[in-house]
Amino acid sequence: ATATATPAASKGVSVGTTSGSNGTYLTGAGGRTLYLWVADANNMSSCSGACATSWPPLTTKGKPTAGNGVTASQLGTIKRSDGSTQVTYNGHPLYYFAGDSGAGSTNGQGSTQFGAAWWVVSPSGNAITKSGAAGAASSASGSASGGSSSSGGGSSWG
């Protein structure tokens, strides 16, 4: 049985992917970059008021749909304090950044606005914590160290 041919916009929003200097990451309407906020708890948004003005939540009127490169089973929704329905991915509430100019813009990457870091979201559902082209100049001297080593913190390996 097939669904009736209603426009997708009247139902759930579609989440897709794109590639840029930060790697491949999730996008929403018009190819706009989607972010997660490390201050959020799993499946709960802590961003409202002025935060939600600068970082508008990705909301939907129906079940969100997975575009190319997105795992449908990772998509979910939560109820926000204002009653709207916010899309989540791998348990992370998703947001746009008001300072992005459009598709491909990642001006919010690495921001610590409202007291915690904002990161673009990988198709696996994790934060991409590299700073892409903007941070390339500052990390050029250490470019030989591949992998996921973190800078700082001393030499304690726990």
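Up top is the structure.
We now turn to the structure provided with this report. (Residues numbered from 1 in each chain as written. Predicted model: local features only at pLDDT ≥ 70, side-chain atom pairs only at ≥ 80, totals over all residues. Heavy atoms only, no water.)

1. Remarks on the pairing of strand E5 (residues 75-79)
- Relative to strand E6 (residues 85-89), E5 is paired through five bridges, and the arrangement is antiparallel. Considered in E6, the bridge of Gly76 is made with Thr88. (Pairing = 2+ DSSP bridges. Helix = DSSP H or I, 4+ residues; strand = E, 2+ residues; numbered from the N terminus.)

2. Some remarks on the side chain of Asp40
- One can find Asp40 in the loop between strand E3 (35-37) and helix H1 (50-54).
- Buried charge without a salt bridge: Asp40, with Arg80 as the nearest opposite-charge side chain at an N-O distance of 6.8 Å.
- At a separation of 2.7 Å, a polar atom in the side chain of Asp40 contacts the main-chain amide nitrogen of Ser46. (Buried < 20%, exposed > 50% of the residue type's maximum accessible area, 1.4 Å probe, protein only. Lys, Arg positive; Asp, Glu negative; His and termini not counted. Salt bridge = Lys/Arg side-chain N within 4 Å of Asp/Glu carboxyl O. Polar contact = N/O pair within 3.5 Å; in protein donor to acceptor, adjacent residues only side chain to side chain.)

3. Focus on unusual backbone geometry
- Here Asn43, not a glycine, exhibits a phi torsion of approximately 60°, which is positive.
- The phi dihedral of Phe114 falls on the positive side, at around 65°, and the residue is not glycine.
- With a relative accessible area of 38%, Phe114 lands in the partly exposed category.

4. Here we look at the packing of aromatic side chains
- For the structure shown, the criterion picks out six aromatic pairs.
- Aromatic pair Tyr35 and Trp55: ring centres 5.2 Å apart, planes at 85°, arrangement edge-to-face. Of the two residues, Tyr35 is situated in strand E3 and Trp55 in the loop between H1 and strand E4 (65-66); the sequence distance between them amounts to 20 residues. The exposure classification of Tyr35 matches that of Trp55, with both residues buried.
- Between the aromatic rings of Tyr35 and Phe97, the centroid separation amounts to 6.4 Å while the plane-to-plane angle is 80°, which identifies the pairing as edge-to-face. One end of the pair, Tyr35, is in strand E3; the other, Phe97, is in the loop between strand E7 (92-93) and strand E8 (118-121), with 62 residues separating them in the sequence. Each of the two residues, Tyr35 as well as Phe97, counts as buried.
- Each member of the aromatic cluster is reached from another via a ring pair, and the members are Tyr35, Trp37, Trp55, Tyr95, Phe97 and Trp118.
- When the ring centre of Tyr96 is taken as origin, the NZ or CZ atom of Arg32, which lies over that ring, is 4.6 Å away. (Phe/Tyr/Trp six-rings, centres within 6.5 Å; stacked < 30°, edge-to-face > 60°. Lys NZ or Arg CZ within 6 Å of the ring centre and 35° of its normal.)

5. Here we look at the pairing of strand E1 (residues 14-20)
- Across two bridges, the pairing between E1 and E4 is parallel. Bridging from a neighbouring strand, Ser14 pairs with Thr65 of E4.
- Pairing of E1 with strand E2 (residues 23-27), which is carried by five bridges, proceeds in the antiparallel orientation. Directly across from Thr18, in E2, lies its bridge partner Tyr25.
- Joining the antiparallel neighbours E1 and E2 is a turn of two residues.

Limitation: the analysis is restricted to geometry and does not speak to function.
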